[in-house]
Structure formats: C-alpha cells, structure tokens
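Structure assessment
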Amino acid sequence: MSKITIYVNDHELQVDPNQTIFEAAKKEGIFIPTFCHDERLEPEASCRVCVVEIEGQQKLQTSCSTKVRDGMRVQTESPRVQKARNEVIELMWASHPNDCVVCDANEDCKLQDYMYLYDITSDNKYDGHQRQFNIDDTNKFFYIDPDKCILCGKCVRVCSELQGVEALGLNIRGYQTYVSFAYDLGMEFSNCVSCGNCVSVCPTGALMEKSKTKFRMHETKKTLTTCVYCGVGCQFNIVSKNDKIVKIEPVNAVPNEGMLCVKGKFAYKFVNHPDRVTSPLIKKNGIFVEASWKEAYDLIVSKMNYHLETNGKHSIVGLASAKCTNEENYLFQKFIRKHVGTNNVDHCARLCHASTVSGLATTLGSGAMTNSIAEVKNNDVIFVTGSNTTETHPVIGSFMKQAKKRGAKIIVAEPRKIDLAEHADIFIRIKPGTNVALFNAMMKVIYDEGLHKEEYIKEYTENFDAFIKVIKAFDIEEGAKICGCDVEDIKAAARMYANSSNAGIYYAMGITQHSNGTNHVKSIANLALMTGNVGKENAGINPLRGQNNVQGACDMGGLPNNYPGYQKVYDKEVQKKFEKAWNTTLDDNVGLSLPHMINGAYNKTIKMMYVMGENPIVSDPDINHVKEAFGRLDFLVVQDLFITETAEFADVILPAASFAEKDGTFTNTERRVQRVRKAIEPVGNSKADGLIIQELMQYFDPDYTIKNASELMDEIAELTPIYHGVDYERIEQLGLQWPVNDKNHKGTKFLYEGGFEKLGKGKFTPVTYKGAAELPDDTYPLTLTTGRTLYHYHTITLTGKNEEIMEIIPVNFIEVHPVTAKKYKLTELESVIVSSRRGETKAEVHITEKIGEDVIFMPFHFADGANMLTNTVLDETCNIPELKVCAVEISKQ
Ligand code: SF4
Ligand code: SF4
Ligand code: SF4
C-alpha cells in the first residue's frame with residue numbers, strides 16, 4: 001500500500017491511508033489525549049478531548065474519527081486546541097468529586113493525568129460539585145462510583161460490543177447521566193459475568209476493583225505473563241507489590257486482544273493465600289510434619305530405590321500436570337522414563353481430550369486445534385457442540401458473539417440451553433451422548449442434497465466410499481429420534497453448515513468424554529472433510545483444550561505412548577534418539593494410562609505414585625474407587641500448592657511454586673507456545689516444580705547440571721520436531737504456533753494447508769451410532785451429565801481459594817427441569833441426594849429450563865460432586881472414561 005504525506009505539528013510524515021489522524025499520530029509516537037478511544041471499537045468521538053486543528057477547516061475535528069488525507073496539515077497542541085481541550089476537561093471535573101487523595105484510582109487515572117498535563121487546577125471555574133449518587137457495590141469483584149464517571153461510554157461499549165453481554169448502560173436522571181448496571185435501567189436481574197473488561201478500560205475511578213490490598217501504582221511492578229486457568233492462554237500483566245499480587249491487567253495482544261474472564265481477572269487470590277503449603281511435609285503417624293527439602297528428597301529416593309529393587313520399575317507411576325509449564329512436564333516425563341525406567345506417565349488429558357488425540361491423529365494427522373482463536377471472528381458459520389464455550393473458554397465465547405454481531409451464523413447442539421444458545425440461529429437440544437446420531441443425520445442431509453464438496457474429497461481425502469455407505473444407510477428420522485430433536489432442525493443445521501465456505505466446528509468434553517469418544521471425534525472429522533472445511537483459514541475442527549497447559553503437557557510427552565512431540569515410544573529410531581540425548585537406555589513398552597494406574601493401585605500391582613500438580617481424587621470417575629486405590633498405595637508423593645484431596649493421601653507433600661513465581665512456557669489451545677514469567681518470589685519455602693524435579697534428578701545423576709527454563713526449551717526444541725524452531729528470544733513477543741519446523745519458520749496459523757502431509761490424505765472413517773454404556777432404567781431413571789461453570793475451575797484447588805467465587809458458587813448443585821422437579825416434588829435450593837450405581841452425593845437443587853426433562857446437570861468441581869457418581873467404563877482406543885453420561889436417581893434427604 002503506498003503511503004501518503006501528512007504534516008503533524010509541521011513535521012512531514014509518511015503514513016498509511018485509511019487510518020485516522022489519531023492512529024497515524026500514535027504510530028509516529030505523537031501523543032493525543034483521549035478518554036473514549038479503544039482500537040478494538042469503532043470511534044464514537046464522544047469525549048472530544050482528542051480534537052485537533054486541521055488547516056483549512058474552521059471547526060476543530062476529533063482526531064479519532066477523522067481520516068488522514070494526502071497533504072493534510074494538523075496541529076495537535078495549538079492554543080486553540082489546548083483551550084478546547086481544557087474546556088472539555090474542566091467540564092468533566094465540574095461534575096466530579098474532589099477525591100484524588102483518597103481515590104483508589106489515584107496514579108492510574110487519565111482525568112488526573114490530563115489535569116496535570118494541561119495545568120487544570122481543581123478550583124477551576126466549574127468547581128463546586130456535590131456528590132450525587134451512591135456507590136453500587138453489588139458486584140463481588142468491583143464497584144461503580146457514578147460520580148467519577150466521565151461518560152466516555154467505553155465500559156458500556158466493551159460490555160456490549162466485545163463481551164456481548166450488555167450488563168451496563170448509561171442512566172439518565174434529570175440533568176445527570178451516569179454509568180450503571182442495566183438492572184438499574186429496568187432489567188430484572190444483572191446478567192453481568194464479572195469479566196472485569198469494563199473495569200480494565202475505565203479511564204477514571206468510576207469502575208474499580210474491590211482490592212483488599214492498598215497500593216499506589218508507583219509501589220508496584222508489572223510482569224507480562226500467561227493466565228493459569230483455561231486453554232485460551234490470555235496474556236496479562238501481573239501487578240505486584242512486595243511479592244504480593246494486587247491486580248491483573250489484560251494486554252491487547254493475541255490471543256485475548258485485551259479481554260479476560262472473571263477467573264483470569266479476579267481469581268488470583270490463591271497465589272498469596274495463607275493455606276499455601278510453604279514447607280515439605282512428611283506424614284508421620286497419620287499427621288503431616290514439616291521437614292527439610294533434604295529429608296523429603298531422601299525419603300522419596302529411598303522409597304523409589306526400594307520399589308525398583310523389590311517390585312520392579314513398572315510398579316512406579318507418575319502423573320505429569322496440565323497446570324505446570326512445558327519445561328516442567330518435559331522434565332517430569334524424562335525423570336520417570338530415564339530414572340524409573342518406565343513409560344508409566346500420564347496426566348489428566350486422559351480425562352478430557354484423549355479421544356481428540358486418538359480421533360484426529362488418525363484422520364488428519366494431528367490431535368490439535370486446526371485453526372487459530374482469532375479466526376473465530378471471521379467464521380461465517382460457528383458450529384458449537386459439546387462445549388459450553390462462554391463458560392469454559394470465555395474469551396473465545398466472546399469472540400463468537402463478536403462474530404455473530406458481524407453477521408456470522410451460530411449453530412449450537414447441546415443437551416443444555418447454554419448461554420451461547422441464546423445467541424444461536426439454530427439451537428438443537430440433543431440427549432447427552434447422541435452426537436454421532438446427529439452428525440450422521442446431518443451428513444445424510446448433506447449427501448442427499450449434494451452439498452458435499454466432491455472436488456475436495458477427490459483431491460484431499462480417502463475412504464469416502466466406505467464412509468458414505470454407512471451414511472446412506474442412516475435414517476434421518478431415526479437420528480432425530482435418538483437425539484430427541486426435530487428433523488427439520490437437523491436439516492437446517494446441515495444446510496447452514498455445508499453451505500458456508502468458512503465454517504468452524506468448536507467442541508470440547510461433551511464430545512470427548514464418552515466410551516465411544518474417539519468415534520465422536522472421527523465423526524466430526526468426517527463432517528468437516530465432507531464439506532471441505534479443513535486446511536483453510538477461518539474454518540476447521542477446533543477441539544478447545546481445557547486447562548492452561550493441557551496442550552503442552554501432551555506435546556511434552558506426558559503420555560504413556562509418546563515422547564515429546566508425539567514421537568512413539570515403540571519407534572526404534574525415536575527410542576535411539578532419546579537414549580543418546582539422555583544418555584540412558586529406555587523402555588519401548590507403552591506405559592499405563594491414568595485409569596489403569598488407578599486400577600493398578602487398587603489391585604496393588606502399583607506401589608508408588610508421584611503426582612505433580614493434579615488432583616485425581618476429585619477429577620477421576622467413581623471417587624470411592626479412586627480413594628480406595630490411593631489408600632492401597634505403599635507410597636505417594638504429591639507436589640502441589642495446597643493440601644488437596646489427593647495430597648491428604650500423600651506420604652510426602654512437596655510445596656510447589658505457582659505460575660506467578662516461575663519462568664517457563666504454556667502452549668495454549670491454538671498451539672501457541674507462550675511465555676510464563678516470574679512476577680514474585682516463591683511463597684515461603686516452595687520451589688518451582690521444574691527445580692524440584694531437577695534436584696531429584698541429581699540424586700540419580702550427580703553430574704546433572706540444573707538448567708534454567710530457556711535452556712530447557714533449547715533441549716526440548718532439539719529433540720521435538722514440532723518445536724524445533726522455538727526459543728525464548730523468538731517467543732518473547734507473541735509466542736509461536738507449532739509446528740515450528742526451524743528457526744526461520746514463522747509458526748503455523750492453521751494446519752493442513754495444501755493437504756495432509758503426515759498421512760498423505762485425510763481419512764474418512766465409517767462411524768455407526770452407539771449409545772452411552774449406562775442408560776437410565778427403572779432403578780436409576782435419570783441421565784446425569786457433567787461439566788464446568790464459569791466461576792470455578794477444574795477441582796477448585798485454585799478458584800476455591802477466592803472467597804468471592806466461593807460466595808457465588810459455594811456448594812455442589814444440580815440443574816433440574818421444572819417437569820422433573822415436579823415429578824420429584826423438588827423445591828428451589830433444597831438439598832437432595834443424587835445416587836448412581838457407584839455412590840451418592842448431596843446437591844442443591846436449581847430448577848431451570850436450561851436442562852432437558854429427565855436429564856440433570858452437575859458440575860465436577862466439588863470433592864463430593866459429580867465424580868462420586870460417574871462411570872469408569874473406558875473408550876477402548878484411548879482409555880478416556882465416560883464422564884459425561886451415567887444413570888442416576890434423586891431422593892429426598
Ligand atoms: S477518578 Fe481520577 S480524577 Fe477522579 S478522584 Fe479518582 S483519581 Fe481523581
Ligand atoms: S464485568 Fe463484564 S459483563 Fe459485567 S458489566 Fe463489566 S464488561 Fe459487562
Ligand atoms: S481463564 Fe481462560 S478466558 Fe479466562 S482469562 Fe484465563 S485464559 Fe483467559
């Protein structure tokens with residue numbers, strides 16, 4: 001694009017056309033003040049503080065809404081401009097309390113900054129403001145002080161246009177206007193999801209976090225890092241004072257573009273929580289006693305040596321962690337493989353996306369999200385199934401709503417009428433576990449109506465004939481009956497999806513956590529391949545990975561069959577490569593997967609377990625069985641921040657440092673390797689997980705030299721083809737999306753451009769519908785389905801240490817349809833017993849039409865939650881348990 005010439009304050013500038021004066025000046029480092037500008041929003045020029053003088057124009061113009069022109073001459077600080085600007089700011093101050101000294105926003109406020117910059121004193125001609133409004137502190141995390149609102153409208157627009165919620169509005173009372181929650185404007189209840197994105201953009205103290213720690217910005221330091229909760233991998237600054245986190249500020253960069261959710265923004269209190277384990281603990285006579293690191297290491301190593309000699313290397317197992325960094329997971333699997341000598345290493349990906357890895361690796365070549373998070377906004381059609389995206393991956397959910405505002409269509413196929421269903425063009429309520437029947441019916445419609453992409457199928461895929469035979473034989477009416485939905489809805493969804501050239505599928509554990517989970521995933525691959533929606537931008541198959549680094553823990557070989565980079569343990573060449581690099585001999589047998597480790601402990605063939613940052617006693621199915629198994633272990637090591645339910649069973653607890661206390665990388669759901677940076681010193685006597693593992697390695701190899709995180713990444717890159725081009729210098733700014741084949745490779749925005757390199761062709765797989773292993777019957781007549789909530793994360797080890805979050809969701813609950821509630825004579829918020837063949841638990845009743853009749857939903861967060869009831873039956877290909885569906889009964893207490 002050719003540049004044009006403009007003159008700003010008499011300096012000649014060559015700038016891009018099609019931008020505003022404000023944007024051009026900013027790029028050139030020329031300051032223009034603004035309150036309302038946000039580069040993610042269309043300019044509204046509401047604050048008028050950005051006015052500039054343009055030669056030849058009588059009136060001053062707002063620079064944020066005026067485009068540059070060739071030859072344009074602009075003055076940004078002329079006397080006329082300054083006078084106008086001062087008027088605007090003085091008027092703002094006229095309706096503003098003179099509170100700076102005691103204001104929480106002091107030192108972080110644009111109004112204060114601009115008053116200082118333009119020499120405006122608080123006793124200007126408009127002064128004399130009396131406080132008009134009460135502070136609204138109904139939200140748990142932030143308050144609204146309407147008197148400090150300058151009406152820039154940014155918070156209202158961010159909430160509506162970017163977050164897609166519309167919880168805020170401008171309230172007009174007499175001559176006064178101010179920002180308020182929409183319920184103040186007549187809405188029945190607040191739909192605010194406490195994302196805090198309004199707080200982050202407020203230029204004054206009108207929207208402020210209810211901080212428990214007093215601080216001024218000059219006392220703090222900022223550290224850019226990656227969120228520790230979900231797989232979106234949001235970038236933010238940790239603001240800390242004296243080794244304590246005082247606030248989180250989002251960063252406007254990929255992947256989150258300045259957005260966060262309630263967990264990333266506000267649920268950081270766990271880091272400095274008084275319950276942190278701050279010293280190694282050894283259990284003596286059933287009681288944990290503080291010990292030195294040496295005592296703890298000595299005991300662990302002596303137990304390891306004992307079991308290696310007495311019961312053999314395969315009697316020891318290790319759980320890597322989807323919450324720890326790539327470098328730590330790499331070290332952990334290396335430790336188990338090299339120093340124990342077994343491939344018995346797995347982690348909780350077994351419970352969430354094992355079927356994605358097995359289903360997509362065999363059909364496409366790689367078990368990861370094919371496309372990028374930013375592309376969500378450019379999809380024409382967004383097909384969400386098996387994912388409650390706005391609660392589990394909230395920033396991606398917001399991007400979906402942004403896409404909808406730009407004209408995209410949304411299809412949602414779910415057992416629950418999730419938030420996104422309210423924004424959907426087609427919502428199909430399906431019975432839990434019936435997705436394959438839905439997909440097959442959709443594919444039958446697509447085939448019958450000739451909507452499949454024949455050229456694409458011929459050029460890029462194989463096995464279409466065998467696959468289509470199954471589809472041709474499938475009856476659409478029968479599919480609708482199995483799913484419990486309308487045939488016409490299936491047809492409409494099929495047409496909408498197939499007629500789009502930019503359709504993306506987004507799924508999560510509603511697809512994967514089934515005894516036929518691999519087939520669910522393969523069926524999705526069939527649908528995308530049939531319509532040519534793989535291998536191009538703004539489309540694809542997008543498994544949304546749950547935890548912050550579950551993608552990375554898999555990439556790093558925290559799996560019993562894979563070395564880092566999905567290199568097989570039974571591939572002789574690969575084995576030789578790792579033996580040489582690690583200077584050892586390695587086992588070529590596939591190790592035990594997590595459910596088999598638990599069964600091994602139960603059967604007493606597994607004697608010792610080492611758990612790094614996981615909590616299987618809450619996350620795994622059939623908790624009674626898991627507890628019994630852990631109770632039968634001879635020796636258990638748990639490395640964690642808190643004494644979790646699993647740590648209660650430990651013989652040794654090693655205090656681990658949190659994400660804020662260490663360096664490393666996480667790989668997010670779009671395969672982006674991103675930096676994690678140390679913001680504060682490890683709390684108490686805790687240590688980074690990676691340091692702990694390396695200190696243990698030194699017991700087995702006294703010559704081992706401890707490496708820092710960057711050096712570890714160099715070792716990983718050397719041995720892992722998809723990470724070959726990754727190093728800390730290259731990922732400093734925006735991270736890199738694997739595969740990154742070499743140091744010149746720019747990373748991969750979307751996979752399979754030009755074909756399926758690894759497999760040769762995309763593979764169609766004939767998939768027939770098979771229901772869940774346990775269906776309702778006379779004894780257990782209801783179907784239980786499980787999932788997550790917006791506010792809690794996983795087994796609440798971290799979110800549970802934030803009192804505001806515990807106030808919002810304090811106890812286990814069930815969602816019940818009004819008809820089911822009537823049948824069981826249930827009342828709102830009463831406590832009932834829910835039981836299955838495996839156990840029972842208490843739950844608070846929430847009556848809602850969000851869930852279908854005779855189906856109940858329960859979150860899996862709580863220790864006495866859904867996994868007291870869930871089924872341990874496994875998918876035979878990948879060993880994922882059927883956590884999503886089982887049969888239950890409700891009884892009164
Ligand atoms: S919002 Fe800003 S200008 Fe207003 S009292 Fe607070 S610091 Fe001062
Ligand atoms: S916290 Fe989020 S949802 Fe609530 S008002 Fe602010 S932007 Fe809207
Ligand atoms: S939990 Fe996920 S969506 Fe929320 S801030 Fe963290 S990474 Fe972003």
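Structure shown above.
Treat the numbers as computed from the prediction; the structure is a model and nothing was measured. (Residues numbered from 1 in each chain as written. Chains lettered and ligands numbered in written order. Predicted model: local features only at pLDDT ≥ 70, side-chain atom pairs only at ≥ 80, totals over all residues. Heavy atoms only, no water.)

Before going further, it helps to spend a moment on the overall build of the protein. Within the protein one finds 28 helices and 37 strands. At 29 Å, the protein has a C-alpha radius of gyration in line with the 29 Å of a compact globule built from 893 residues. Each of the three principal axes of the protein carries a C-alpha extent, and together these read 85 × 70 × 60 Å. Of the roughly 33200 Å² of accessible surface on the protein, 48% is carried by carbon and sulfur atoms. Side chains of the protein give 100 positive and 117 negative charges; the mean places of these two sets differ by 1 Å. (Helix = DSSP H or I, 4+ residues; strand = E, 2+ residues; numbered from the N terminus. Rg over C-alpha atoms; globule rule 2.2 N^0.38 Å. Areas by Shrake-Rupley, 256 points an atom, 1.4 Å probe, with all protein chains shown as cover. Lys, Arg positive; Asp, Glu negative; His and termini not counted. Charge placed at Lys NZ, Arg CZ, Asp CG, Glu CD.)

A few words now on the packing of aromatic side chains. Applying the stated rule across the entire model yields 28 aromatic pairs. Plain terms: the ring middles of Phe383 and Phe439 are 6.3 Å apart, the flat faces sit at 85 degrees to each other, and that makes the pair edge-to-face. Separated by 56 residues along the polypeptide, Phe383 in strand 17 (residues 381-385) and Phe439 in helix 13 (residues 435-448) bring together distant segments of the chain. Here the two residues Phe383 and Phe439 agree in accessibility, since each one is buried. Each residue in the set Tyr229, Phe236, Phe270, Phe659 and Tyr793 is aromatic and connected to the rest through ring pairs, giving one cluster. The ring of Tyr268 is capped by Lys269, whose NZ or CZ atom sits 5.1 Å from the centre of that ring. (Phe/Tyr/Trp six-rings, centres within 6.5 Å; stacked < 30°, edge-to-face > 60°. Buried < 20%, exposed > 50% of the residue type's maximum accessible area, 1.4 Å probe, protein only. Lys NZ or Arg CZ within 6 Å of the ring centre and 35° of its normal.)

Taken in spatial order, the 5 strands line up as 2-1-5-3-4 in an open sheet, and their pairing is mixed. Of all strands in the sheet, those bounded by a partner on one side alone are strand 2 (11-15) and strand 4 (61-62). Examined bridge by bridge, strand 3 (residues 51-54) and strand 4 share 2 bridges and lie antiparallel to one another. The partner of Val51 across the bridge, within strand 4, is Thr62. Against the sheet, helix 2 (residues 79-94) engages strand 3 and strand 5 (73-75), with an angle of about 155 degrees to strand 3. (Pairing = 2+ DSSP bridges. Contact = heavy atoms within 4.5 Å. Axes fitted to C-alpha atoms, helices over the stretch in contact; angles between N-to-C directions.)

On to the pattern of salt bridges. Evaluation of the coordinates by the stated rule reveals 52 salt bridges. The salt bridge involving Glu807 is made with Lys140; its shortest N-O contact spans 3.1 Å. With Glu807 in helix 27 (residues 803-808) and Lys140 in the loop between helix 3 (110-117) and strand 6 (142-144), this pair connects stretches of sequence that are 667 residues apart. The exposure class of Glu807 is partly exposed, given its relative accessible area of 45%. Its salt-bridge partner being Glu462, residue Lys763 comes within 2.6 Å of it at the nearest N-O pair. (Salt bridge = Lys/Arg side-chain N within 4 Å of Asp/Glu carboxyl O.)

Attention shifts here to the nonpolar core. If you look at the biggest cluster of nonpolar residues, it comprises 81 residues, and the most contacted ones within it are Phe142, Leu168, Phe270, Val412 and Phe659. Dropping the residues within four chain positions of it, Phe270 is found in contact with Val228, Tyr229, Arg276, Leu641, Phe642, Ser658, Phe659, Leu798, Lys801 and Asn802. Counting residues in hydrophobic clusters, the runner-up holds 75 residues, among them Ala629, Ala709, Tyr723 and Leu869. (Core = buried A, V, L, I, M, F, W, Y, C linked by side-chain atoms within 4.5 Å.)

Taken in spatial order, the 6 strands line up as 32-36-33-35-34-37 and close into a barrel, and their pairing is mixed. Averaged over all pairs of adjacent strands, the angle between their axes in this sheet comes to 45 degrees, without regard to strand direction. In this structure, strand 33 (residues 813-816) lies alongside strand 35 (residues 840-847), joined through 4 bridges in parallel fashion. In the strand pairing of strand 35, Val816 is matched with Ile847.

Attention now moves to the site of ligand 1. Looking at ligand 1, there are 13 residues lining it, with His96, Cys100, Cys103, Cys109 and Gly205 nearest. Grouping the constituent residues of the shell around ligand 1 by class yields 6 nonpolar, 5 polar and 2 charged. (Near = heavy atom within 4 Å. Nonpolar A, V, L, I, M, F, W, Y, C, P; charged D, E, K, R; others polar.)

The contact between helix 7 (residues 293-310) and helix 25 (residues 689-700) brings their axes to 11 Å, and the two run at 55 degrees. As judged from the angle between their axes, helix 7 and helix 25 are oblique. For the pair helix 7 and helix 25, the sense of crossing is right-handed. Each of Trp293, Lys294, Tyr297, Asp298, Ile300, Val301, Met304 and Asn305 in helix 7 lies in contact with helix 25, whose residues at this interface are Ile692, Glu695, Leu696, Tyr699 and Phe700. Here the residues of the contact of helix 7 with helix 25 sort into 9 nonpolar, 1 polar and 3 charged. (Parallel < 35°, antiparallel > 145°, perpendicular 65-115°, else oblique. Left-handed = near helix turned anticlockwise from the far one by under 90°.)

Below, the discussion takes up helix 25. Counted at 1.5 Å a residue, the expected span for helix 25 with its 12 residues is 16 Å, and the 17 Å between its end C-alpha atoms agrees. For helix 25, the full list of buried residues reads Asp689, Gly690, Ile692, Ile693, Gln694, Glu695, Leu696 and Met697. (Expected span 1.5 Å × (residues − 1).)

Below, the discussion takes up the side chain of Glu715. Position of Glu715 relative to the elements: it lies in helix 26 (residues 709-719). Judged by its relative accessible area of 12%, Glu715 is buried. For Glu715, the contacting residues outside a window of four places in its chain are Tyr330, Lys334, Trp582 and Lys707.

Another point: the state of the cysteines. This structure, assessed with the given rule, holds 0 disulfides. Sulfur of Cys47: no disulfide; nearest cysteine sulfur belongs to Cys36 and is 3.8 Å away. (Disulfide = S-S within 2.5 Å.)

Turning our eyes to something else, we now look at the environment of Lys431. Mapping Lys431 onto the fold places it in the loop between strand 19 (426-429) and helix 13. A C-alpha to C-alpha distance of 9.0 Å links Lys431 and Arg416, two positions 15 residues apart in sequence. What Lys431 contacts, discounting residues up to four positions off in sequence, is Lys481, Ile482, Cys483 and Gly484.

Here we take up the environment of Phe666. When you line up the elements, Phe666 lands in strand 28 (residues 664-667). Separated by 162 residues in the primary sequence, Phe666 and Gly504 have C-alpha atoms spaced 24 Å apart.

Let's shift gears to the pairing of strand 2. Each regular strand shows side chains that alternate between the opposite faces of the sheet. With 5 bridges connecting them, strand 1 (residues 4-8) and strand 2 associate as antiparallel partners. In the sheet register, Ile6 faces strand 2, and the bridge partner there is Leu13. Where strand 1 folds back on strand 2, the antiparallel hairpin that results is connected by 2 residues, among which Asn9 adopts a positive phi of roughly 50 degrees.

Looking now at the packing of helix 22 (residues 594-602) against helix 24 (residues 623-631). The interhelical angle for the contact between helix 22 and helix 24, taken along N-to-C directions, is 60 degrees, at an axis separation of 7 Å. Here helix 22 is positioned oblique relative to helix 24, judged by the angle of their axes. The handedness of the crossing between helix 22 and helix 24 comes out as left-handed. Each of Ile598, Asn599, Ala601 and Tyr602 in helix 22 lies in contact with helix 24, whose residues at this interface are His625, Val626, Glu628, Ala629 and Phe630. Here the residues of the contact of helix 22 with helix 24 sort into 6 nonpolar, 2 polar and 1 charged.

Between Val254 and the following residue, Pro255, the backbone shows a cis peptide bond with an omega angle of 0 degrees. One non-glycine residue, Glu257, adopts positive backbone phi at about 50 degrees. By the element assignment, Glu257 lies in the loop between strand 12 (244-250) and helix 6 (262-266).

A few words now on the side chain of Glu695. Looking at the element boundaries, Glu695 is found in helix 25. Judged by relative accessible area, which is 17%, Glu695 ranks as buried.

Our focus in this paragraph is helix 17 (residues 487-498). With 12 residues, helix 17 extends 17 Å between its outermost C-alpha atoms, agreeing within 8% with the 16 Å of an ideal straight helix rising 1.5 Å per residue. All of the buried residues along helix 17 are Val487, Ile490, Ala493, Ala494, Tyr497 and Ala498. Buried positions in helix 17, seen along its axis, are confined to an arc of 130 degrees and lie on one side of it. (Arc of directions from axis to C-beta.)

Moving on, we come to the environment of Met304. Within the element layout of this structure, Met304 appears in helix 7. Using a relative accessible area of 1% as the deciding quantity, one classes Met304 as buried. For Met304 and Glu889, which are 585 residues apart along the polypeptide, the C-alpha to C-alpha distance reads 44 Å. For Met304, the contacting residues outside a window of four places in its chain are Ile316, Phe335, His339, Val340, Met608 and Phe700.

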